[in-house]
Amino acid sequence: MDKRDKEKPVQPAKELVRKWLKAELEQRRPPPDPEQIRRELGWDLLRLGREPLAR
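Sequence order as written defines residue numbering, which begins from 1 separately in each chain. Note on the predicted model: pLDDT of at least 70 is required for a residue's local features to be given, and 80 or more for side-chain atom pairs to be given and counted; whole-chain, interface and lining totals, by contrast, use all residues. Side-chain descriptors were evaluated using all non-hydrogen atoms of the structure, hydrogens and water having been removed beforehand.

Colleague: Explain the overall build of the chain to me, please; I cannot follow it from the model alone.
Modeller: Think of it this way: any DSSP run of H or I at least four residues long counts as a helix, any run of E at least two long counts as a strand, and we number them from the N terminus. What the chain contains, in helices and strands, is four helices and zero strands. Secondary structure elements of the chain, listed N to C terminal, follow the sequence α-α-α-α. The buried share among the 55 residues of the chain stands at 2%. Of the roughly 6,300 Å² that the chain leaves accessible, carbon and sulfur atoms contribute 56%. Note on classification: 1.4 Å probe, protein chains only; a residue is buried when its accessible area is under 20% of the maximum for its type, exposed when over 50%, partly exposed between these limits. The accessible surface values rely on the Shrake-Rupley method and a 1.4 Å probe; as for residues, cover is taken only from the protein chains in view.

Colleague: Explain helix H2 (residues 14-28) here, please?
Modeller: Quick reminder: α-helices carry 3.6 residues per turn. Residues three or four places apart thus point the same way. Here the expected span of a helix is defined as 1.5 Å times the quantity of residues minus one. With 15 residues, H2 extends 21 Å between its outermost C-alpha atoms, agreeing within 8% with the 21 Å of an ideal straight helix rising 1.5 Å per residue. For H2, the buried fraction is low: zero of the 15 residues fall into the buried class.

Below, the structure written as structure tokens:
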């Protein structure tokens, strides 16, 4: 094997590039709004369970 062969950069697979790009784009996305977080965690359901029912 030649010394020049070791120094030649290898092009990454397209799938690896796509995964890397997707991860980079996801990191730049702003966090979801607080209401969406509450819905996904089910906090609204907990709040309903604590409030007394109107009779």
